[in-house]
Amino acid sequence: MNSDHLPDSILIVDFGSQVTQLIARRVREAGVYSEIAPFTMAEEAFHRMKPKGIILSGSPAGVPDEGSPRAPDILFNAGVPILGICYGQQVMSHQLGGEVRRGHEVGDGSGNRGGEFGRAFLTVTKECALFDGLWDVGDRHQVWMSHGDKVTQFAPGFEIVATSDGAPFAVIADEARKFYGTQFHPEVVHTPDGAKLLANFVRHVCGLKGDWTMAAYRDTKIAEIRAQVGDKKVICGLSGGVDSSVAAILIHEAIGDQLTCVFVDHGLLRQNEREQVETMFRDHYNIPLVVVDAEQRFMAGLAGQTDPEKKRKFIGGEFINVFEEEAAKVGGADFLAQGTLYPDVIESVSFTGGPSVTIKSHHNVGGLPERMNMQLVEPLRELFKDEVRDLGRELGLPDMFVGRHPFPGPGLAIRIPGEVTKERCDILRKADAIYLEEIRNAGLYDAIWQAFAVLLPVKTVGVMGDARTYDNVCGLRAVTSTDGMTADVYPFDASFLTNCATRIVNEVQGINRVVYDYTSKPPGTIEWE
């Protein structure tokens, strides 16, 4: 977010914890704006944001390890409140003059090796601003621990305010400087009062009002877009998904007909998707929209191709080619609009500054060639997915659209393992539509993160009437998740799945068998390719 428009904020310094994003989410749920910066970029973020408080995250590293990460000293000298979580508590203690030792070095001979993992209980031993209105002296509360090392001597100025069996320094506090440290993780749901503790820190300790709202964000972003774009033209690659649609509608609200959207129908869309996009953007919002029928072009390029990574790369590359041609037709543009979200921004920067492993390539208009010489407009890059949905509602998008399940950029191509053809896409489209219709009819759509059908490269023998069939297998997938990073299988009852299978086999020519995917993520991914 432009520093000229930053609201009162919290800086979260990331030391590589798997759950750092949860800290940001909990802070925002308390009505306070937050941003995450890797520890290597924390000083720059501090100067840019001028935060009213700082939270130091956990880490897979250990403070005693050689080369383990540290917080910039400027943070401790800035006169703003600091909360250290797990590794954050340890690194703060170490840098301010305390002692942290490895778990195996602090055993007491009783078998306690110094670490705690999973559910634990702490006892409040002293009053503390973090606990105001929430926890009293003598109370015992469940928390979630995940640490091997621990503080064995706190830094000058600190005192113990809560203890647990495995962590005598479960919570420490320096009330004069408003520095606090928790050995447990308040950001996870397994610490029942964790969100309230974080809200206490950002609102009570840091003094923030908790008035960051999506309406305020909308007004701020409109002002920023107008300042960035001026009287120039913006072009937006519209996928039909929630992110690019919300970005387009917000930008149109800011600059009107200076925006042109391009929707590429590559033949890999869900049933009626093209019609829905055209109706919403042309009829409801009156946004200039170019629709490109490129199905034959994409199918020709996918012919004979079975490797999933090559399919993704072809679709992304060909999308760029089509998009570039259409951008030239509308007279060129100075800016490219994208629906980039905050998790994309966070995950693109390793907390150590090093490269990350590619599990699979992501289709994104951001791969446009440099020869197009366009600047990016990314009005959603500070938002999580659920916040984008909130912004969509703020902009007047119908709930049925805002709440749609995620849909991948390569579309049905990665739900058809093996070769992609128009015939196979048509079969899958029908099966997928029936499956989602049944889910909606059962009132389950909003309880599921993502549900879809897959057309397998397998044929099986069946009997329909008195005739032998030899047709395709359809797989059904449905998962629950909060952010797509991990996912559990949705536990449909058998009668629901039986009904879906019956309808698909009866109504979709080309399918004679239906199976359900029970794999969680990990080890599987949500999509099949």
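Since this is a predicted model, take the numbers as computed values, not measurements. (Residues numbered from 1 in each chain as written. Predicted model: local features only at pLDDT ≥ 70, side-chain atom pairs only at ≥ 80, totals over all residues. Heavy atoms only, no water.)

1. Some words on helix H9 (residues 295–302)
The test is simple: Partly exposed residues are those whose accessible area sits between 20% and 50% of the maximum for their type, while under 20% is buried and over 50% is exposed, using a 1.4 Å probe and protein chains only. Helix and strand assignments follow DSSP, with helices taken as H or I runs no shorter than four residues and strands as E runs no shorter than two, numbered in order from the N terminus. The directions considered for the arc run from the helix axis to the C-beta atoms. Here a residue-residue contact requires only that any non-hydrogen atoms of the pair lie within 4.5 Å.
Listing the buried residues of H9 in full gives Glu 295, Phe 298, Met 299 and Leu 302. What you see down the axis of H9 is that its buried residues fit within an arc of 100 degrees, all on one side. Counted as exposed and oriented over 90 degrees from the buried face of H9: Gln 296 and Ala 300. Structurally, H9 contributes buried residues whose contacts are with strand E13 (259–265), strand E14 (289–293), helix H10 (308–329) and helix H14 (422–441). One or two steps after H9, the chain reaches Gly 304, where phi turns positive at roughly 80 degrees.

2. Side note on unusual backbone geometry
In this structure, the amide linkage connecting Lys 521 to the following residue, Pro 522, adopts the cis form with an omega of -15 degrees. Structurally, the position occupied by Pro 522 is in the segment after strand E20 (511–516). The peptide bond linking Pro 522 to Pro 523 adopts the cis configuration, its omega dihedral lying at 15 degrees. Here Pro 523 shows up in the segment after E20. One non-glycine residue, Lys 178, adopts positive backbone phi at about 60 degrees. Relative to the helices and strands, Lys 178 resides in the loop between strand E10 (171–174) and strand E11 (179–182). Relative accessible area serves as the criterion here: at 38%, Lys 178 is assigned to the partly exposed category. The phi angle at Asn 286 is positive, at roughly 55 degrees, despite the residue not being glycine.

3. Remarks on the UniProt feature "active site" (unreviewed entry) in the protein
What counts here: UniProt positions are given in the numbering used here, feature names are shortened, and annotations may be inferred rather than shown by experiment.
Per the UniProt record, the feature "active site" (unreviewed entry) sits at Cys 86, His 185 and Glu 187. A stretch of 102 residues holds the annotated residues, and the largest C-alpha distance among them is 11.0 Å, short enough that they meet in one place. Relative to the helices and strands, Cys 86 is located in the loop between strand E4 (82–85) and helix H4 (87–95). Judged by its relative accessible area of 5%, Cys 86 falls in the buried class. Within the secondary structure layout, His 185 lies in the loop between E11 and helix H5 (194–205).

4. Considering the pattern of salt bridges
Should their charged atoms come close, side chains of opposite charge can pair. Test applied: Every case where a carboxyl oxygen of Asp or Glu lies within 4 Å of a side-chain nitrogen of Lys or Arg is listed as a salt bridge.
Tallying each qualifying case throughout the model produces 34 salt bridges. The salt bridge involving Arg 297 is made with Glu 318; its shortest N-O contact spans 2.5 Å. Taken together, the residues span a long stretch of sequence, with Arg 297 in helix H9 and Glu 318 in helix H10 at a distance of 21 residues. Classification of Glu 318 by relative accessible area gives buried; the value is 12%. Linked by salt bridges that have partners in common, Asp 265, Arg 274, Glu 278, Arg 282 and Asp 293 make up one network.

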